[in-house]
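Observations on chain architecture
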Amino acid sequence: MTVAYVCRTARFSAAHRLHSPLLSITENKEIYGKCNHPNGHGHNYKVEIVIKGEVDPRTGMVINLTDLKAIMDVAIMDVLDHKNLDKDVDYFQDKPSTTENLAIFIWISMQEQLKSCQLYEVKVHETDNNTAIFRGEGL
């Protein structure tokens, strides 16, 4: 069995406000600073999805990239692109829309769509300097 990893990238724009319902207003301001602004702010996110699987000897592929793109469109783009994460995505109603939580949300969404191969990693770039990686640990 020959195993390979395939990575596909997507980009989306979304707004959010870093604010935890588990913290007081003062604690939120102290922890999140300007990212806690009541009107929120936005990012142009980059997401890298890494799939692990056996290379099909007939096709030479782990997954058809056209199929992976369609899965990512459903799991990521349709749900997150040009949305307010806190107001438009139910997952963030009771947790802060940090990059870490966004990576976990994307993992869960991708897992619901993937049938024939294994999700290995979700990497979310909030900015050029801030990235979160999730590999399914703890779920």
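Quick look at the structure, then. Computed from a predicted structure; not experimentally measured.

**Thoughts on the pairing of strand E4 (residues 118–125)**
Bridge count between strand E2 (residues 41–54) and E4: seven bridges; the pairing is antiparallel. By the bridge assignment, Lys-46 is partnered in E4 with His-125. Here E4 pairs with strand E5 (residues 131–134) via four bridges, running antiparallel. Across the sheet, residue Lys-123 finds its bridge partner in E5, namely Ile-133. Linking E4 back to E5 in an antiparallel pair, the connection comprises five residues.

**Some details on the packing of aromatic side chains**
The final tally for this structure, using the stated rule, is six aromatic pairs. Here Tyr-91 and Phe-105 contribute two aromatic rings whose centre-to-centre distance is 5.3 Å and whose plane-to-plane angle is 45 degrees, an arrangement assigned as tilted. Separated by 14 residues along the polypeptide, Tyr-91 in the loop between helix H3 (85–88) and helix H4 (99–113) and Phe-105 in helix H4 bring together distant segments of the chain. With centroids separated by 5.8 Å and ring planes inclined at 50 degrees, the aromatic side chains of Phe-92 and Phe-105 adopt a geometry described as tilted. Taken together, the positions of Phe-92 in the loop between H3 and H4 and Phe-105 in helix H4 put the pair 13 residues apart, joining distant regions of the chain.

**Notes on the sheet that holds strand E3 (residues 83–84)**
Two strands in a sheet stick together by hydrogen bonds in their backbones, pointing the same way (parallel) or opposite ways (antiparallel). Taken together, five strands build an open sheet; the order of strands is E3-E1-E2-E4-E5 and the sheet is mixed. At either margin of the open sheet sits one strand with a lone partner, and together these are E3 and E5. Across the sheet, helix H2 (residues 65–80) is in contact with strand E1 (3–16), E2 and E3; its angle to E1 comes to roughly 25 degrees. The sheet contacts of H4 involve E1, E2, E4 and E5, and relative to E4 the element is tilted by about 150 degrees.

**Describing H4**
The end-to-end C-alpha distance of H4, which contains 15 residues, comes to 21 Å, matching closely the 21 Å that a straight helix rising 1.5 Å per residue would cover. Buried within H4 we find Thr-99, Asn-101, Leu-102, Ala-103, Ile-104, Phe-105, Ile-106, Trp-107, Ser-109 and Met-110.

**Examining the nonpolar core**
The biggest cluster of nonpolar side chains holds 34 residues, and the ones touching the most others in it are Ile-49, Ile-76, Ile-106 and Met-110. If sequence neighbours within four positions are ignored, Ile-106 has contacts with Val-47, Ile-49, Ile-76, Leu-80, Val-122 and Val-124.

**Focus: the pattern of salt bridges**
Across all of its chains, the model carries four salt bridges by this definition. A salt bridge links Glu-121 to Arg-135; its shortest N-O distance comes to 2.5 Å. With Glu-121 in strand E4 and Arg-135 in the segment after E5, this residue pair connects regions lying 14 residues apart in the sequence. On the basis of relative accessibility, which here comes to 9%, the residue Glu-121 falls in the buried class.

Cut-offs applied
- Residues numbered from 1 in each chain as written.
- Predicted model: local features only at pLDDT ≥ 70, side-chain atom pairs only at ≥ 80, totals over all residues.
- Heavy atoms only, no water.
- Pairing = 2+ DSSP bridges.
- Helix = DSSP H or I, 4+ residues; strand = E, 2+ residues; numbered from the N terminus.
- Phe/Tyr/Trp six-rings, centres within 6.5 Å; stacked < 30°, edge-to-face > 60°.
- Contact = heavy atoms within 4.5 Å.
- Axes fitted to C-alpha atoms, helices over the stretch in contact; angles between N-to-C directions.
- Expected span 1.5 Å × (residues − 1).
- Buried < 20%, exposed > 50% of the residue type's maximum accessible area, 1.4 Å probe, protein only.
- Core = buried A, V, L, I, M, F, W, Y, C linked by side-chain atoms within 4.5 Å.
- Salt bridge = Lys/Arg side-chain N within 4 Å of Asp/Glu carboxyl O.

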